[in-house]
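Observations on the model geometry
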There are 2 protein chains.
Amino acid sequence: MSRDLLSLNQATSRQEAPSLGPDLSGLPKAASELPGIGAEASKEAFDAPTFSPLYRQIKDRLMRALDSGEWQPGQMVPSEHELAKRYGVSQGTVRKAIEELAAEHVLVRHQGKGTFVSSHHEERAQFRFLRLRRDAGGLPATESSILECRRVRPPADVTRELQMRAGESAVFIRRMLTVDAFPAVLDELWLPGSLFRGLTQERLQQYKGPLYALFEASFGTRMLKAREQLKAISCPADQALLLGIEVGKPVLLVDRLSTTYQDRPVEVRRGFYLTEKHHYFNALV
Amino acid sequence: MSRDLLSLNQATSRQEAPSLGPDLSGLPKAASELPGIGAEASKEAFDAPTFSPLYRQIKDRLMRALDSGEWQPGQMVPSEHELAKRYGVSQGTVRKAIEELAAEHVLVRHQGKGTFVSSHHEERAQFRFLRLRRDAGGLPATESSILECRRVRPPADVTRELQMRAGESAVFIRRMLTVDAFPAVLDELWLPGSLFRGLTQERLQQYKGPLYALFEASFGTRMLKAREQLKAISCPADQALLLGIEVGKPVLLVDRLSTTYQDRPVEVRRGFYLTEKHHYFNALV
DNA sequence: TAGTGGTCTAGACCACATG
DNA sequence: ATGTGGTCTAGACCACTAT
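Everything quoted here is computed from the prediction, not taken from an experiment. Sequence order as written defines residue numbering, which begins from 1 separately in each chain. Ligands are numbered from 1 and chains lettered from A, in the order in which they are written. Confidence filtering applies because this is a predicted model: local features only for residues at pLDDT of at least 70, side-chain atom pairs given and counted only at 80 or more, and all residues used for totals across whole chains, interfaces and linings. Derived side-chain values reflect all non-hydrogen atoms in the structure, with water molecules and hydrogen atoms excluded from consideration.

Attention now moves to the domain arrangement of chain A. Residues and elements named next belong to chain A. Note that domain bounds follow an automatic or database assignment of domains. On domain assignment, one finds that chain A holds domain 1 (1-52), domain 2 (63-118) and domain 3 (123-280). Between the C-alpha centres of domain 2 and domain 3 the distance comes to 30 Å. Contacts are assigned to residue pairs with any non-hydrogen atoms lying within 4.5 Å of each other. Listed as interface residues are eleven residues of domain 2 and, on the opposing side, eight residues of domain 3. For the pair domain 2 and domain 3, the summed buried surface comes to about 830 Å²; carbon and sulfur atoms form 53% of the total. Basic side-chain nitrogens of Lys or Arg form a salt bridge, by our definition, when they fall within 4 Å of a carboxyl oxygen of Asp or Glu. Summed over the shared surface of domain 2 and domain 3, the result is one salt bridge. The salt bridge partner of Asp67 is Arg264, with a shortest N-O separation of 3.0 Å. Polar contact criterion, stated in full: a pair of N or O atoms within 3.5 Å, where within protein one must be able to donate a hydrogen and the other to accept it, and residues adjacent in sequence count only if both atoms are side-chain atoms. On the surface where domain 2 and domain 3 come into contact, there are four residue pairs in polar contact (both at pLDDT 80 or more). Helix numbers and strand numbers start at the N terminus; a helix is a DSSP run of H or I with at least 4 residues, a strand a run of E with at least 2. Elements that contribute at least two residues to the side of domain 2 that touches domain 3 include exactly α2 (54-67) and β2 (107-110). Buried area is understood as the total, over both parts, of accessible area removed when two parts are fitted together, assessed with a 1.4 Å probe.

What follows is the structure, given as structure tokens:
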């Protein structure tokens with residue numbers, strides 16, 4: 001199947017093309033009865049109109065609804081049956097869309113209960129974004145303390161990575177993760193100022209829990225994915241002082257770019273990891 | 001559904017319980033017509049017999065067939081239709097099993113062509129297991145050279161990680177990955193001797209291509225998954241010499257345990273990464 | 001033209017959670 | 001008892017590949 005909301009490829013030869021809701025088709029229904037003309041012609045004319053299967057269009061609509069805040073993290077989304085009715089497709093098609101979103105950790109499903117918007121308040125999410133592990137094995141119990149939080153003019157590379165306009169301000173945060181009261185990770189974050197108005201050091205210090213949970217709850221920004229680059233470096237003076245180690249000792253540098261819906265970049269994070277008793281865990285699957 | 005090959009839970013109340021092939025049921029067919037008795041009783045009697053849905057049983061059977069070498073890497077497996085007939089289930093059930101195997105990179109599907117056993121000879125596989133990237137971006141063109149290959153009595157931790165019997169020998173390999181003729185990664189591998197008989201330095205040096213491709217083609221061992229632990233360390237003398245750097249300079253240490261079918265561990269690998277112009281890439285999804 | 005996987009539908013029933 | 005997601009089936013048609 002290749003149907004789309006772009007009206008161009010309604011012209012398929014399926015018997016019954018279920019409408020995707022009245023608001024979706026820009027063309028009169030009749031167009032979809034002409035077999036293999038509109039689609040073929042348009043394929044030639046407009047190079048690369050992206051055709052996508054129904055379930056993926058549903059997925060996109062769900063994604064947009066989530067992005068717009070229609071359902072909040074932790075809340076239940078409508079049931080498969082309900083969504084199928086709403087979008088005018090079969091339950092199986094909705095299911096496939098939801099399954100992909102669940103695989104991407106955007107939603108979580110609970111048999112018998114429903115489908116929910118996933119949240120950084122769940123343990124599950126913290127496992128995904130905190131890769132520090134004890135050498136002995138297992139997740140370390142960490143404590144976070146905010147060392148610094150101020151609005152800054154970000155470095156050029158941060159501006160670029162966050163796709164900010166030149167001159168826009170950013171929020172800079174420095175925080176220490178301690179394990180058993182010993183420094184383990186020094187994190188330096190940059191956030192787009194426009195998305196995090198009112199983020200102050202006091203606010204951060206009051207908050208107990210993962211930063212991402214605060215960002216999600218108070219600023220409506222959910223981190224969905226991240227890309228990281230890891231290096232072993234000699235620890236610079238600034239960071240060595242804060243970590244309580246000699247300048248030049250090896251530390252693991254973790255550069256992260258986090259994205260939210262539509263792959264919009266919303267966080268640059270640089271972590272300095274002490275890896276004497278801990279390590280960065282990764283699973284190749 | 002909760003049906004299983006363990007004969008115990010054939011007693012479900014579905015109208016038609018498709019047999020999973022004549023060899024699968026230890027009970028007479030009649031048992032499956034008794035609604036909700038055998039299953040309930042057995043559930044009480046035997047604590048925790050693992051029930052699994054049909055598609056997962058199919059997946060397991062496919063996995064075992066692959067493990068036994070019934071279909072070789074690169075080869076096509078029977079079509080969905082064929083497998084459905086063979087196992088006596090619907091095509092949709094087979095499809096679900098195959099989809100999971102494809103998600104785990106055990107199989108690859110190609111529309112119009114068929115479903116194939118994936119192989120380390122494909123570029124796809126190399127992307128998964130080589131995480132070194134240029135800082136500029138993109139996969140570096142690497143050259144591998146074998147420095148050492150001999151049978152050894154492995155260190156105790158390697159023996160344990162590979163679940164080998166005490167006293168069993170291992171194959172130890174040292175190889176350098178160079179990028180643009182400069183050393184980039186020094187790898188030290190331990191492999192169970194029993195699985196890699198006849199693996200010699202000559203054989204390794206002759207072979208062009210990824211080690212895993214050789215292991216797969218010549219020794220029938222496919223790496224399917226791996227777990228890695230990363231640390232920043234001061235480079236030890238031995239490795240510094242080979243890498244051409246000063247002793248004590250920071251290097252990225254990557255400890256890998258690779259597994260094959262049934263999560264059997266089959267490789268311990270320790271990599272020393274120079275991360276001046278390169279980095280270890282990771283995607284948090 | 002035939003065969004493969006990919007999408008979509010419809011309907012049944014099971015398993016789980018809650019009231 | 002009801003509503004949710006989870007499994008399984010059957011059948012239709014589409015898209016792609018090869019011959």
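Read on for the rest.
Let's shift gears to helix α2 (residues 54-67) of chain B. Residues separated by three or four positions in an α-helix point in the same direction, a consequence of the helix having 3.6 residues per turn. All names here are of chain B. A helix is expected to span 1.5 Å for every residue after the first. Between the first and last C-alpha of α2 there are 20 Å, a value that for 14 residues agrees with the 20 Å anticipated at 1.5 Å per step. Within α2, ten of the 14 residues are buried, which leaves the element mostly enclosed by the surrounding structure. Working definition: with a 1.4 Å probe on protein chains only, accessible area under 20% of the residue-type maximum means buried, over 50% means exposed, and in between means partly exposed. Listing the buried residues of α2 in full gives Leu54, Tyr55, Gln57, Ile58, Lys59, Arg61, Leu62, Met63, Ala65 and Leu66. On its buried face, α2 sits against α3 (80-87), α4 (91-103), β2 (107-110) and β3 (114-117). Gly69 occupies a position one or two residues after α2 and carries a positive phi of about 90 degrees.

What follows deals with the pattern of salt bridges. All names here are of chain A. Scanning all chains against the criterion turns up 46 salt bridges over all chains. Its salt-bridge partner being Arg124, residue Glu122 comes within 2.4 Å of it at the nearest N-O pair. Salt bridges sharing common partners tie together Glu148, Arg150, Arg174, Glu188 and Asp238.

All names here are of chain A. A cluster of nonpolar side chains, Leu147, Leu241 and Leu242, forms an exposed patch at the surface whose accessible area comes to about 280 Å². Looking at where Leu241 falls in the secondary structure, it is placed in helix α9 (residues 237-243). Looking at Leu241, the relative accessible area reads 71%, which means it is exposed. Grouping into patches uses exposed residues only, defined as over 30% relative accessible area, and leaves out salt-bridged ones; the cut-off is 9 Å for like charges and 5 Å for nonpolar side chains (Val, Leu, Ile, Met, Phe, Trp, Tyr). What sets the accessible areas is the Shrake-Rupley method with a 1.4 Å probe; for residues, cover comes only from the shown protein chains.

Here we come to the interface of chain A and chain B. Taken together, the contacts link 32 residues of chain A with 32 residues of chain B. On the chain A side of the interface with chain B, the three residues burying the most area are Lys231(A), Asn282(A) and Leu284(A), jointly 26% of the side's total. Counting across the chain A and chain B interface gives two salt bridges. The salt bridge involving Lys231(A) is made with Asp135(B); its shortest N-O contact spans 2.6 Å. Along the contact surface separating chain A from chain B lie 23 residue pairs in polar contact (both at pLDDT 80 or more).

On to the layout of surface pockets, then. In this structure, the largest pocket occupies an estimated 1,900 Å³ of space. As for the largest pocket, its lining consists of 49 residues, of which Glu100(A), Ala103(A), Glu104(A), Ala103(B) and Val285(B) are closest to the centre. Sort the elements by how many residues they give to the lining of the largest pocket and α4(B) lands first, with eight residues. Each residue is assigned to one of three groups, with Ala, Val, Leu, Ile, Met, Phe, Trp, Tyr, Cys and Pro labelled nonpolar, Asp, Glu, Lys and Arg labelled charged, and all others, Gly among them, labelled polar. Classifying every residue of the lining of the largest pocket gives 18 nonpolar, nine polar and 22 charged. Whether a set of points on the 1 Å grid over the protein atoms alone is a cavity depends on a 1.4 Å probe fitting there but being unable to get out, while an open set qualifies as a pocket with protein on both sides within 12 Å along at least five of seven lines; lining residues are those with an atom within 4 Å of a point. Grid points are joined across faces, edges and corners, and a volume is the space filled by probe spheres set on the points.

Two strands qualify as a pair provided DSSP detects at least 2 bridges between them. The antiparallel open sheet is built from three strands, whose spatial order is β1-β3-β2 (chain B). The two strands at the open ends of the sheet, each matched to only one other strand, are β1 (76-77) and β2 of chain B.

Let us look at the relation of the copies chain A and chain B. Between the two copies of this chain, the relationship is a rotation about some axis together with a displacement along it. Mapping chain A onto chain B calls for a screw motion: a turn of 180 degrees about the axis and a shift of 0.0 Å along it, with 0.0 Å RMSD after fitting. Between the two chains, the operation in question is that of a two-fold axis. Most of the interface of chain A is mirrored in chain B: 100% of its interface residues are interface residues there too. Least-squares superposition aligns the copies on the C-alpha atoms of those residues with pLDDT at or above 70 in both.

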